[in-house]
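Chain by chain, the residues run as shown.
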Amino acid sequence: MRFSRRTLVASSAAALLGLSSLTAAAAGKEVKIGYALAQASHFGAAAQGWSGYVEKATNNAFQFKHFPSSALGGERELIEGLQLGTVEAAVVSTGALSNFVADVGVVDIPFLFRDLGHARNVLDGKFGTDLLAKFQQRGLIALAWGEQGFRHLSNNKHVVKNVADMKGLKIRVTENPVHITAFRALGASPTPMSWPEVVSALQQGTIDGQENPISVLTSAKLWEVQKHLSLTAHVYAPMVLLVSPSFWNGLNAQQKAAFTDGAKIGGKASRTFVDEVEKKGVEEARKHGMAVVDNVDRAAFRKALDKPYEQFAKKFGQKTLDDIAATK
Ligand code: PAF
C-alpha cells in the first residue's frame, strides 16, 4: 500500500496531536502560581505545600507551574491577573491587598498583634475566616492565611533605636495606606514602591531603607544592600493564598475541597518556615556584616502612632481593634 506524501504528513500531524493531547491529559490542567520571592522562601514553602497537596489529592488532575521571584510582575499585577483570570493562583502579602479589599488593611496596623501566636489565633478564628470571605466581593477567592513574620526596619544611613532617628529617612513601604500613614507619623519619608524595584533602589541610593520580616531579609539577602537592621517588629505581615474566580468556578466540589485544604497546608508550611528563620536569621544578618539594634524603644514607636490610631479606629471600628486585642 502506498500513501501520498500529503496523507503521511497529515497522519503524522494527527498522531502528534493525539500524543500531545494525551500528554496534556496525563500532565493535568495547568495552574500558574505566582509569588514575590524565591522558591526557597516562606512564599515558596506555601506554594509548594499547596501545589504538592492538590496534585496528589486530585491524582494529578492539576499540575502547578511555579513563577517565583515576581516572574509574573509585582503583587499588584499578580492580584489583577487573578481578577482577570490570566493567573490561576498566587501567594501574596497584604502589602498591596488592601487596595483591592479595603477591610484587610486592619491587619496591617502597627503594634496590633502582640506576637506570632496572637496573630495566628486571630487569623485562624472567626475574624480571619470572615475577612477571607470578603475577598469574593472584590473578584478574588482567598483560601487561607500564610505568614511572613513581623516586619523590621533596615537602612543605610544610621543606627535607628529611637523614634527621633526616623526623621527624614527615605523608607520604601508597600503600596499600603495604613503603612504610609504610620511611617509619616514616625517622621520618616515613606516611599511606596513595588517589591521588584526595591533592591536596585537601595543599591542606587534612591531610598535609604525598607522594612520587611527576617524571612524576606534572608531570602532576598538584603545585607548585600543594607547596613543597619533595627528589630522594630512594628507590624505583623500575613500573606494570603488566592485563586482566580474564573478558575475556581470551573472546579467541582471535590476539587474545591482539595484546593482549600492544600492552601491551608501551604499556609502552615509558611508559618513553620518563619518559625525556623526567626531563630537564626538575625545571626545570619550579623554574620553578613549588618549592625543589628535589638533594643529599639518600641513603646515610643507605638506612642508616636497615637494619632494614626484614632484614624485606624474610625476606619476599621474601635470594636474590631478591641476584639483583636482581647483575643488570647
Ligand atoms: O515588602 C513587600 O512588598 C513584601 O513584604 C514582599 C513579600 C517582600 C513582597 O511582596
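Residues numbered from 1 in each chain as written. Predicted model: local features only at pLDDT ≥ 70, side-chain atom pairs only at ≥ 80, totals over all residues. Heavy atoms only, no water.

As named in an unreviewed UniProt entry, the chain is C4-dicarboxylate ABC transporter substrate-binding protein, taken from Comamonas terrigena.

Attention shifts here to the confidence of the model for the chain. Scored by pLDDT, the chain comes out at a mean of 93, with 92% of its residues at no less than 70. Overall, residues 1–25 carries pLDDT values under 50, and its contacts beyond four positions in sequence, including any with other chains, amount to one contact. (pLDDT = per-residue confidence, 0-100. Contact = heavy atoms within 4.5 Å.)

This paragraph deals with the site of the ligand. Near the ligand you find Ala36, Phe43, Glu75, Ser93, Gln148, Arg151, Arg172, Thr174, Trp195, Asn212 and Val216, and these make up its full shell. Arginine 151 is positioned with one of its side-chain polar atoms (N or O) 2.8 Å from an oxygen atom of the ligand. Calculation on the ligand without its partners gives an accessible area of 280 Å², and the protein chains cover 98% of this total. In terms of residue class, the shell around the ligand is made up of four nonpolar, four polar and three charged. (Near = heavy atom within 4 Å. Polar contact = N/O pair within 3.5 Å; in protein donor to acceptor, adjacent residues only side chain to side chain. Areas by Shrake-Rupley, 256 points an atom, 1.4 Å probe, with all protein chains shown as cover. Nonpolar A, V, L, I, M, F, W, Y, C, P; charged D, E, K, R; others polar.)

Turning our eyes to something else, we now look at the pattern of salt bridges. Scanning the entire structure with this criterion turns up 17 salt bridges. Of the charged contacts, one joins glutamate 310 and lysine 307 as a salt bridge, the two residues approaching to 3.3 Å between their closest N and O atoms. Highlighted residues: glutamate 310 and lysine 307, both in helix H12 (residues 306–316), separated by three residues, approximately one helical turn. For lysine 307, a relative accessible area of 59% corresponds to the exposed category. Here the salt bridges share partners, and the residues they tie into one network are Arg120, Glu147 and Asp275. (Salt bridge = Lys/Arg side-chain N within 4 Å of Asp/Glu carboxyl O. Helix = DSSP H or I, 4+ residues; strand = E, 2+ residues; numbered from the N terminus. Buried < 20%, exposed > 50% of the residue type's maximum accessible area, 1.4 Å probe, protein only.)

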